[in-house]
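Report on the structure
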Protein chains: 2
Amino acid sequence: MALIVHKYGGTSMGSPERIRAVAKRVAKWARAGHQMVVVPSAMSGETNRLLGLAKEVQPAKVDDAVLRELDMIACTGEQVSVGLLSLALQAEGQPAVSYNGWQVPIKTNSAYTKARIESIDDVRVRADLAAGKVVIITGFQGIDEGGNVTTLGRGGSDTSAVAVAAAMKADECLIYTDVDGVYTTDPRVVPEAKRLSTISFEEMLELASQGSKVLQIRSVEFAGKYRVPLRVLSSFTPWDIAIDEEAKSGTLITFEEDEKMEQAVVSGIAFNRDEAKITVVGVPDKPGIAYSILGAVAAANIDVDVIVQNVSHDGRTDFSFTVHRNDYARTVDLLKNTVQPATGALNIIGDAKICKVSIVGIGMKSHVGVASTMFKTLSDDGINIQMITTSEIKTSVVIDEKYMELAVRALHKAFGLDDPAKVV
Amino acid sequence: MALIVHKYGGTSMGSPERIRAVAKRVAKWARAGHQMVVVPSAMSGETNRLLGLAKEVQPAKVDDAVLRELDMIACTGEQVSVGLLSLALQAEGQPAVSYNGWQVPIKTNSAYTKARIESIDDVRVRADLAAGKVVIITGFQGIDEGGNVTTLGRGGSDTSAVAVAAAMKADECLIYTDVDGVYTTDPRVVPEAKRLSTISFEEMLELASQGSKVLQIRSVEFAGKYRVPLRVLSSFTPWDIAIDEEAKSGTLITFEEDEKMEQAVVSGIAFNRDEAKITVVGVPDKPGIAYSILGAVAAANIDVDVIVQNVSHDGRTDFSFTVHRNDYARTVDLLKNTVQPATGALNIIGDAKICKVSIVGIGMKSHVGVASTMFKTLSDDGINIQMITTSEIKTSVVIDEKYMELAVRALHKAFGLDDPAKVV
């Protein structure tokens, strides 16, 4: 008997019929003797519907009081989902009980719309499991110290599931989604993309953070930190397939490097067009300048991704970084109104029509020339590179948005991922 | 400066546009210097949508575990409403904060789908009011001792509003609805029905309990118990009418009998076709028989309304009562399976095609012949009376459903309520 956490995405929960299929699948696992905790997302489209309603009445200026209400509204989608799934399980003859994040409780900080989990109390959940119930917990939600409802931001249900699995020391966390695993790149862009049967935690982290929509990055961080065995698999296989077969499907995220991983230099290509580029032009180059710019951005709770500082000329330098496109206008305003006057920068310029393309592979650590192969491939197709950033297992470039598909296809081929004979 | 509670029904909250109008109205009251607490219902249609989803997945057998999930699902409608109204108030420049029942907290017992409020803690709400915020609290919801979400049943938002007003000793509780007050009877049935500018608490209680849809009965009970000044008024007057004028509109529910009330013998006619009649036939007539029947019904959490026990013949009697139509089949099953074998009753029969028509008036106390006028009026129209029940200020009859409109119109006329010269 194992303790298993299942997470189901919005598409899997998209209709009463699909919810019934999820219930049958979970009941099958429970009948096999496992203790089951399930974390479902809101029904697909529901969070957008709710935030659409909010948009029609909310003030132009978005402050904490507004964000608090957006969380209050948005988190109801998950509450409906857990109740429906509990009912569907009970209809299968499987005792079940649903909880909101605040009932568990899942405690978070107070960063509304992008809160971080601080602790999870599992006493109540364990008592229900011991009583033979399937426990269904809302994804996405938590409660802060002041008793206010918080949400973890888009894709937060993955994080909730992994955090619950970590807190309860679950034997495995299965993320059911509308794809059947992690691919070398998005099959919609490159039809030759192949499913990876395993991927290392580090690679998955880079792939997720670089825009692969399979798993939310924070869930992967959580899984790595607490060594939660994590599997991504499809919720569209028939619910009654043999449990042994199902338990081995999808992509397993592993924490040990094995031989096979060493063989692949580049495991996958990730891409992301959700970012925008901002440059603080001609800022006086003195110690503390990065902090004077990014400190103000962080204080406004805006996440920064790629950061590049060019060499200085005449005591001035250009400082560039990328933010989420939704934060673009707000960041430019902030810089113009506070950072530019404070630092004496000459100008603030930006571009929202960019994308980021990354090659990811644990093999990069021990192979030279991977980055230069990437740059040559892009050059051969006449694609200009605007920014470059690298890590031990990843190289990312920022390019004009219009070249994104072309770049991904060229890189997928250049690193041999198209090769049908290659084992991945 | 007064402490005022506003309650808005689902129609008033039915769209973002209407929510904006509610926000403007509330902001007007706040600007006039009042401390404002607002209790909105779910957007119209939302509770039905949610329970419709639940119906598609829920088990056939409805036990407490199922009812708990129905509450979990249904209460999200109110959560969305409070968030949206808070945003709309903030868009008006009026600081506001929303709370779920569990955040206040509003504590209830654990009777899911029809919970009763046990206590309300107003510390958090008072702190927000003192800070100049409008406080918006979900109607309909509460939390039980075990930390589970409960709902108060249909129309429960009225009860929430009055309970909050009572707990906070509010100066007045204004119930905004889609009608402009309490009428002598439903104007859709009797076009000559007239609005009452005041009505006594006792009459309102009888009118509400007899099926007037204006106010939920428990809210009126609460108002009476805690002497909460209660006003029913329309949310469809322009939001910017003078606050003095608005504060005097609608119908005020009063707690003192005044001269005017003494003049009207019958204040209104109420009717209700939500009930069904059940008769336990030929039950041995011995002490404790009423309890042996109704005890079992109450244990199943089924509310009973009219109760009639006929005189006995040959040591056996017929025991009749009415329940809500939704509980009809369940009650008949219960009686056949447990009460009939236990008591030795000869048969269980019932009829769902009935209605109840009541005349209500505090003047009845001091006037003879009111009931007989009622019976004569019905007799003149050939309407057979199946059951009769009376109280100090009300006489109700159960008749065949098909005669309902006819009976209401005839009684409205017979008691002079049609008379345009009569002051009400």
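In this text the structure is predicted, and so the values were computed from the model without any measurement.

1. Topic: the overall build of chain A
When you go through chain A residue by residue, the secondary structure sums to 14 helices and 22 strands. Rg of the C-alpha trace for chain A: 23 Å, near the compact-globule value of 22 Å for 424 residues, within the 12% margin. Seen through its principal axes, chain A has C-alpha atoms that stretch 75 × 55 × 35 Å. The contacts in chain A between residues at least 6 apart in sequence include a share of 76% that link residues at least 24 apart. As displayed, chain A has an accessible area near 17,200 Å², and 51% of this comes from carbon and sulfur atoms.

2. A closer look at the interface of chain A and chain B
Taken together, the 46 residues of chain A in the interface contact 46 residues of chain B. Between chain A and chain B lies a buried interface of about 3,500 Å² when both sides are counted; carbon and sulfur atoms form 63% of it. The partner of Arg49 of chain B in a salt bridge is Glu46 of chain A, with the nearest N and O atoms 3.5 Å apart. On inspection of chain A and its partner chain B, the count reaches 18 residue pairs in polar contact (both at pLDDT 80 or more).

3. Some thoughts on the packing of helix α2 (residues 46-57) of chain A against helix α3 (residues 64-74) of chain A
Residue and element names in this part refer to chain A. It is at 9 Å that the axes of α2 and α3 come closest, and there the two elements cross at 140 degrees. By the angle between their axes, α2 is oblique relative to α3. Classified by chirality, the crossing of α3 by α2 is right-handed. On α3, the residues touching Thr47, Leu50, Leu51 and Ala54 of α2 are Leu70, Ile73 and Ala74. Grouping the constituent residues of the contact of α2 with α3 by class yields 6 nonpolar, 1 polar and no charged.

4. What to know about the UniProt feature "domain: ACT" (unreviewed entry) in chain A
Taking the UniProt record as the reference, the feature "domain: ACT" (unreviewed entry) is found at residues 278-357 and 359-424 of chain A. What you have in residues 278-357 of chain A is 34% helix and 39% strand, and the ends, taken at the C-alpha atoms, are 17 Å apart.

5. Structural notes on the relation of the copies chain A and chain B
When chain A is brought onto chain B, the operation consists of a screw motion whose angular component is 180 degrees and whose axial shift is 0.1 Å, with 0.1 Å RMSD remaining. The two molecules are tied by a two-fold rotation axis, judged by turn and shift. Residues of chain A ranked by C-alpha distance from the rotation axis are headed by Thr76 of chain A, positioned 2.8 Å from it. Taken as a fraction of all interface residues of chain A, those also at the interface in chain B reach 100%, which identifies the copy contact as same-surface.

6. Description of the environment of Asn109 of chain A
Residue and element names in this part refer to chain A. Among the structural elements, Asn109 can be located in the loop between β4 (106-108) and β5 (117-120). When its relative accessible area of 23% is taken as the criterion, Asn109 is described as partly exposed. Taking the C-alpha atoms as reference points, Asn109 and Ile143, separated by 34 residues in sequence, lie 7.9 Å from one another. Discounting residues that sit within four places of it in the chain, Asn109 has contacts with Ala115, Arg116, Glu118, Asp144 and Thr150. A polar contact of 3.0 Å, which involves the side chain of Asn109, links it to the backbone nitrogen of Arg116.

Thresholds, definitions, all that
- Residues numbered from 1 in each chain as written.
- Chains lettered and ligands numbered in written order.
- Predicted model: local features only at pLDDT ≥ 70, side-chain atom pairs only at ≥ 80, totals over all residues.
- Heavy atoms only, no water.
- Helix = DSSP H or I, 4+ residues; strand = E, 2+ residues; numbered from the N terminus.
- Rg over C-alpha atoms; globule rule 2.2 N^0.38 Å.
- Contact = heavy atoms within 4.5 Å.
- Areas by Shrake-Rupley, 256 points an atom, 1.4 Å probe, with all protein chains shown as cover.
- Buried area = accessible area lost by both parts, 1.4 Å probe.
- Salt bridge = Lys/Arg side-chain N within 4 Å of Asp/Glu carboxyl O.
- Polar contact = N/O pair within 3.5 Å; in protein donor to acceptor, adjacent residues only side chain to side chain.
- Axes fitted to C-alpha atoms, helices over the stretch in contact; angles between N-to-C directions.
- Parallel < 35°, antiparallel > 145°, perpendicular 65-115°, else oblique.
- Left-handed = near helix turned anticlockwise from the far one by under 90°.
- Nonpolar A, V, L, I, M, F, W, Y, C, P; charged D, E, K, R; others polar.
- UniProt positions renumbered as here; feature names shortened; annotations may be inferred.
- Least-squares fit on C-alpha atoms with pLDDT ≥ 70 in both.
- Buried < 20%, exposed > 50% of the residue type's maximum accessible area, 1.4 Å probe, protein only.

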